[in-house]
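Residue-level structural notes
Listed below, chain by chain, are the residues.
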Amino acid sequence: MFKKRITDKIEKLKSENLFREIKVFEGSRGGRAKLAGREYLVFCSNDYLGLSQHPELKNAMRGAVERFGAGACASRLVSGSTSAHSILEEKLKNFMQAEAVLLFNSGYAANIGIIPAITGKGDILLCDKLNHASLVDGCLLSKAEFRRYRHLDMEALEKLLVKYRFARERWIITDGLFSMDGDIAPLPDICGLAKKYDARIYLDDAHAFGVLGANGRGTPELFENEGKIDVLVGTLGKAAGVSGAFACGSAELYSYLINHARSFIYSTAIPPAIAMGAVTAVDILGSFTKERERFLEIVKDFNSKMAELNIASGSKSYIIPIVTGNAGTALELENSFWSEAVYVQAIRPPTVPEGSSRLRLTLTLSQQEDDRKKVLAILASSTAIL
Ligand SMILES: *Cc1c(COP(=O)(O)O)cnc(C)c1O
């Protein structure tokens, strides 16, 4: 029964071009990775500034393994909390200019742990329709009511704020830089609405942390809206090049989450070596002003070259969707890149809404000028598919 049920589902996914498989890389270095013996250029990594390959970061992790061992071996509240974890929290607190910072094992764990912990019966959660799946799951775990507004539509958000003005608390929950579309939440408008309707803001800045804002503090720094965000989540697995995540908020929030966020309480802490790697990553991010500028110049240039090819991505960032609509077409486009040894990913439902399948390119500082030229050439010769 079970075996037939899941086999049927797998067959159905395959027939709809929605089946996914894991691809195994045999090593990775500077924007290149080996797959089945062949070297590919990688254009779908979130290692935007190339930190995962940084020698200082690797050294810090090696040293920390010697000092702390391999794993944390318990939850932070049992015996898994080491000085490495505290140093990282302190480092992030200073970097983000936050009152307090709490580590989580991943961005996913942060969102599914924090949202149900801080919201409940009588509250309303107002979410952008294209929010990351981990935010959606966090909202579904909460006892609060959950409504979604059209992507970036501030009028729709305001209508909901009016409608739910008698809720116990109103929470606006949004990605900073949207992970599949590469566009940015209008934070100044959101902050204005939050003030007008006495709402709290939960911002997931996973893709912006480390890259956007002159100092890498993400979308609030970019828009000069720092200090207006009640809960800000960042991940250490993307631009920081390591793994783990963190939440910025008040000192009270820190103490509250330690006692209420189930994904924090009931899960083994990240290995201390990962934490020490992240400490070095945050140090590097702090000194990366020039690299950020150079990267965003590259991004701007690439996006304008895409526009010259008449390929509308709508992106102004390093996340560049090429929407095909149809899942089969997205796979066809993916294949034309793979045959040229460029690794990219077709993104299909349920990651994106029905009918909005796409190829998603990401730019990183590890890629070379010639690599980007190659990608643009493949795109130029793919206009028949598009
Ligand atoms: C990647 C991502 C996450 C998950 O973070 P991990 O640390 O990879 O678990 C959460 N939210 C958003 C918006 C993301 O893009």
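Scoring rules and cut-offs
Residues numbered from 1 in each chain as written. Predicted model: local features only at pLDDT ≥ 70, side-chain atom pairs only at ≥ 80, totals over all residues. Heavy atoms only, no water. Axes fitted to C-alpha atoms, helices over the stretch in contact; angles between N-to-C directions. Helix = DSSP H or I, 4+ residues; strand = E, 2+ residues; numbered from the N terminus. Parallel < 35°, antiparallel > 145°, perpendicular 65-115°, else oblique. Left-handed = near helix turned anticlockwise from the far one by under 90°. Contact = heavy atoms within 4.5 Å. Nonpolar A, V, L, I, M, F, W, Y, C, P; charged D, E, K, R; others polar. Phe/Tyr/Trp six-rings, centres within 6.5 Å; stacked < 30°, edge-to-face > 60°. Buried < 20%, exposed > 50% of the residue type's maximum accessible area, 1.4 Å probe, protein only.

Turning next to the packing of helix 4 (residues 83-96) against helix 12 (residues 272-286). Running from N to C, helix 4 and helix 12 cross one another at 20°; their axes reach a closest spacing of 8 Å. It follows from the interaxial angle that helix 4 and helix 12 lie roughly parallel. The two elements helix 4 and helix 12 meet at a crossing, and its hand is left-handed. Side by side, helix 4 and helix 12 meet where A84, H85, I87, L88, K91, L92 and F95 of the first sit next to P272, A275, M276, A278, V279, V282, D283, L285 and G286 of the second. For the contact of helix 4 with helix 12, the per-class residue count stands at 12 nonpolar, 2 polar and 2 charged.

All right, on to the packing of aromatic side chains then. All chains considered together, the criterion is met by 8 aromatic pairs. Ring centres 5.0 Å apart and planes at 90° place the aromatic pair F25 and Y343 in the edge-to-face group. Separated by 318 residues along the polypeptide, F25 in strand 1 (residues 25-29) and Y343 in strand 12 (residues 342-343) bring together distant segments of the chain. Note on F25: relative accessible area 34%, which makes it partly exposed. An angle of 40° between the planes, with centres 5.3 Å apart, marks the rings of F295 and Y318 as tilted. In this pair, F295 is assigned in helix 13 (residues 289-308) and Y318 in the loop between helix 13 and strand 11 (319-325), connecting sequence segments 23 residues apart. Overall, the relative accessible area of 0% leaves F295 in the buried class.

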